[in-house]
Amino acid sequence: MNKTDVLIIGAGPTGLFCAHQLGIIGLNCEIVDNLDKAGGQCIELYPDKPIYDIPAVRECTGEELTNNLLQQIKPFKIKFHLNERVEKLKKIENRWHVNTSGGLKFDVAAIVIAGGVGSFEPRKFPVKDCEKFEGSSLFYSIKDKTIFKDKSISIFGGGDSALDWAIELSSTSNVNLIHRRDGFSGAESSVHKVKELNDKGKLNLYTKYQMDSVSGDKKINLVKIKHDEGKIKEIKSDYVLGFFGLIMQLGPILDWGLNINKKTIEVNTENFETNVNGIFAIGDICSYPGKLKLILSGFHEAALAARGCFKYVKPDEKLRFEFSTTSKAAQERLGIKK
Ligand code: FAD
């Protein structure tokens, strides 16, 4: 059981800044995210795109913003639980018990939901049998590319991830890139490179083909692909990779008894608490009159929600408002030595 003051659900920009705001008022937290890295939409959807409306930052990419936020909360040594989706919630006396998909358990005084547009999950192959190979020889993201060295890999998809991995792995592996259309949605330069590698025999490109079936004993050894006109082709494959983008869903949070309005959680604007005491919602996932789905709005909501958590964690203490410029306690927590 992980016992802490506050559980933050979602490591997007809002959840990360909330950890900072909790830290400077002396509350501990842990963060759970369904993805394998922190940053939410900024990292998953637009890591290289410049953002121009973060106050006092003229321009920064999604990745730079995430790195800066992570740097800012470093002094608090926050524990991240990645690749975990929150599932069940139970109130036990004054505490909340939360279970995750991977079997983790949390015992906390308050919860901040910073789940953005919901948990991102890969769009999967609609083909029977794919599931049984998932995690051993069929993947929707790559954690360790060294396992593909000198192997035969079938990559499905036509976006940037499929193209980039096909290009990168083609230097160490036998790569087949399979896409259901002739046109690609990824960057023009990558499409050009893939076609060039195909012409040079450094990878095999199959367009207008889709997965038909996969077979093998414990691991995949054969993939059958089907052309639009019905022709079936067999490809010997050690690994299959599917890059079809992400779907976003609120999932089990929908069953937590919160007031849900068009896939967002209704909150008050005093402290961003939901209709359930001790559960707060901030960032893209919350709704209230005038809500703007901007990172800067999420930062404001995080500051107020963090202070809202205080009374659940320390019911016998009163939180005094202080500026970070003058609060000795906040500076000590940030490890600032003068
Ligand atoms: P998110 O960034 O969505 O993060 C939520 C996190 O919660 C995710 O990592 C998700 O995996 C996790 N999560 C959700 N549910 C669960 C669960 N059940 N269990 C575990 N984890 C869960 N905003 C601006 O202010 N300026 C811009 O210029 C700008 N440009 C943008 C460009 C693009 C292309 C896009 C798509 C968005 C842009 N935005 C911009 C919007 C901005 O990215 C969002 O407002 C911001 O990311 C919201 O932050 P968040 O922390 O609330 O949610």
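Nothing here was measured: the structure is a model prediction, and the numbers come from that model.

(A) The overall build of the protein, seen in detail. Looking only at helices and strands, one finds eight helices and 24 strands in the protein. Each principal axis of the C-alpha atoms in the protein carries an extent, and together these give about 70 × 45 × 40 Å. Here the protein, with 338 residues, has 49% of them falling under the buried criterion. Here the contacts in the protein between residues at least 6 apart in sequence split such that 58% fall between residues at least 24 apart. Total accessible area on the protein stands at roughly 17900 Å², and carbon and sulfur atoms take up 48% of it. Taking the average place of the 48 positive charges on the side chains of the protein and the average place of its 43 negative ones, the gap between the two points comes to 2 Å.

(B) View of the pairing of strand S2 (residues 6-9). Of the two faces of S2, the one lined by Val6 and Ile8 and the one lined by Leu7 and Ile9 are each fully buried. Note that S2 and strand S3 (residues 29-32) share four bridges and pair parallel. Following the sheet pairing, valine 6 is matched in S3 by cysteine 29. Once the chain exits S2 it traverses helix H1 (residues 13-24) before rejoining the sheet at S3, and the crossover so formed is right-handed. When S2 meets strand S10 (residues 110-113), the two strands line up parallel, connected through four bridges. Within S10, the residue paired with isoleucine 9 across the bridge is isoleucine 113.

(C) Region of the structure containing the packing of aromatic side chains. The full count for this structure, using the stated rule, is 11 aromatic pairs. When the ring of phenylalanine 272 is compared with that of tyrosine 288, the centres are 5.4 Å apart and the planes differ by 65 degrees; the resulting orientation is edge-to-face. Separated by 16 residues along the polypeptide, phenylalanine 272 in the loop between strand S22 (264-266) and strand S23 (279-281) and tyrosine 288 in the loop between strand S24 (286-287) and helix H7 (295-313) bring together distant segments of the chain. The pair formed by phenylalanine 272 and tyrosine 288 is uniform in burial state, with each residue classed as buried. Between phenylalanine 280 and tyrosine 312, the ring centres sit 6.1 Å apart and the planes meet at 75 degrees, which makes this aromatic pair edge-to-face.

(D) Broad picture of a nonpolar patch on the surface. Residues Leu45, Val117 and Met248 make up a contiguous nonpolar surface patch of roughly 210 Å² in combined accessible area. Look at valine 117 and you get partly exposed, because its relative accessible area is 31%.

(E) Fine view of the sheet that holds strand S9 (residues 105-108). Strand order across the open sheet formed by four strands is S1-S9-S8-S7, with mixed pairing between neighbours. Two strands bound the open sheet, and with one partner strand each, they are strand S1 (2-3) and strand S7 (86-92). For strand S8 (residues 95-100) and S9, the ladder comprises four bridges, and the chain directions are antiparallel. Across the sheet, residue tryptophan 96 finds its bridge partner in S9, namely valine 108.

Rules used throughout
Residues numbered from 1 in each chain as written. Predicted model: local features only at pLDDT ≥ 70, side-chain atom pairs only at ≥ 80, totals over all residues. Heavy atoms only, no water. Helix = DSSP H or I, 4+ residues; strand = E, 2+ residues; numbered from the N terminus. Buried < 20%, exposed > 50% of the residue type's maximum accessible area, 1.4 Å probe, protein only. Contact = heavy atoms within 4.5 Å. Areas by Shrake-Rupley, 256 points an atom, 1.4 Å probe, with all protein chains shown as cover. Lys, Arg positive; Asp, Glu negative; His and termini not counted. Charge placed at Lys NZ, Arg CZ, Asp CG, Glu CD. Pairing = 2+ DSSP bridges. Right-handed = clockwise from strand over helix to strand, strands pointing away. Phe/Tyr/Trp six-rings, centres within 6.5 Å; stacked < 30°, edge-to-face > 60°. Patch = residues over 30% accessible without salt bridge, like charges linked within 9 Å, V, L, I, M, F, W, Y side chains within 5 Å. Salt bridge = Lys/Arg side-chain N within 4 Å of Asp/Glu carboxyl O.

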